[in-house]
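Analysis of the macromolecular model
So you can see what is in the structure, the chains are spelled out below.
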Amino acid sequence: MAAGAAGDNPRVPAKQARGSGGAPRGTRVRMSGKQRREQLLDIGRTLFAERGYEATSVEEIAAKAGVSKPVVYEHFGGKEGLYAVVVDREMQLLLDMVTGSLTGGHPRELLEEAAFALLDYIETSTDGFRILVRDSPVAQSTGTFASLISDIATQVEDILGLEFKSRGFDPKLAPMYSQMLVGMVALTGQWWLEVRRPRKADVVAHLVNLAWHGLEGLERKPQLVSRRKG
């Protein structure tokens, strides 16, 4: 006589009846340590972006992951550790995207590509950028958003220094001008994060229009028009 269905077999409890995938019905697939860590990072990233660091709790992160609080502590030592990893990852991603765009070409084209890289990051990693521009209560190994902007400016500095030298300007001023340029792009990016108008390409065109034509008409020894001297 042929064996009946597993659920009808008195020797096999119904709760152990297997589905088409071969695993007992109702049994969750166990995550590896790496998979669990990535899951917690994704959940933490979303919550930190929506609510900020202070308003996000370990309890909520654990609940959304379907685990107990000790699991979060096991992987990250607590909320601070999770937040620090999220921020470090985002900062490295943004730095890589911007510096990766500075690979060659005319200086104006490089400026365009750098601006596009920042806006691309904001567009594709909105949650990450929201986290970065908030004041962080945690000291990250990569630093703060301001230090990240400074790192990007250092990459621009070398390019700007060569351009200054070729035009007869003091190349020692390049670090200051690179901070100005990158800062302008970063602040515009924060504004565009919320409004998303005009379209990305138009924002880049206007940014570069202001920056490039400002550099083009640069005075070697600028003078103040007001009476203030200090």
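Quick summary incoming for the structure in this document. (Residues numbered from 1 in each chain as written. Predicted model: local features only at pLDDT ≥ 70, side-chain atom pairs only at ≥ 80, totals over all residues. Heavy atoms only, no water.)

What about the environment of Pro171?
Along the chain, Pro171 falls in the loop between helix 7 (145-166) and helix 8 (174-195). Beyond its immediate chain neighbours, meaning those up to four positions away, Pro171 contacts Gly161 and Phe164. (Helix = DSSP H or I, 4+ residues; strand = E, 2+ residues; numbered from the N terminus. Contact = heavy atoms within 4.5 Å.)

Digging into the pattern of salt bridges
Taken as a whole, this structure holds 10 salt bridges when the rule is applied. With a shortest N-O distance of 3.0 Å, Lys69 and Glu59 are connected by a salt bridge. Of this pair, Lys69 sits in helix 3 (residues 69-76) while Glu59 sits in helix 2 (residues 58-65), and the two are 10 residues apart along the sequence. We classify Glu59 as partly exposed; its relative accessible area is 42%. The residue Arg108 makes a salt bridge to Glu112 at a minimum N-O spacing of 4.0 Å. Here the residue Arg108 and the residue Glu112 both occupy positions in helix 5 (residues 107-124), the gap between them amounting to four residues, near one helical turn. The partly exposed category is assigned to Glu112, whose relative accessible area is 30%. One salt-bridge network, in which partners are shared between bridges, spans Asp120, Glu123 and Lys200. (Salt bridge = Lys/Arg side-chain N within 4 Å of Asp/Glu carboxyl O. Buried < 20%, exposed > 50% of the residue type's maximum accessible area, 1.4 Å probe, protein only.)

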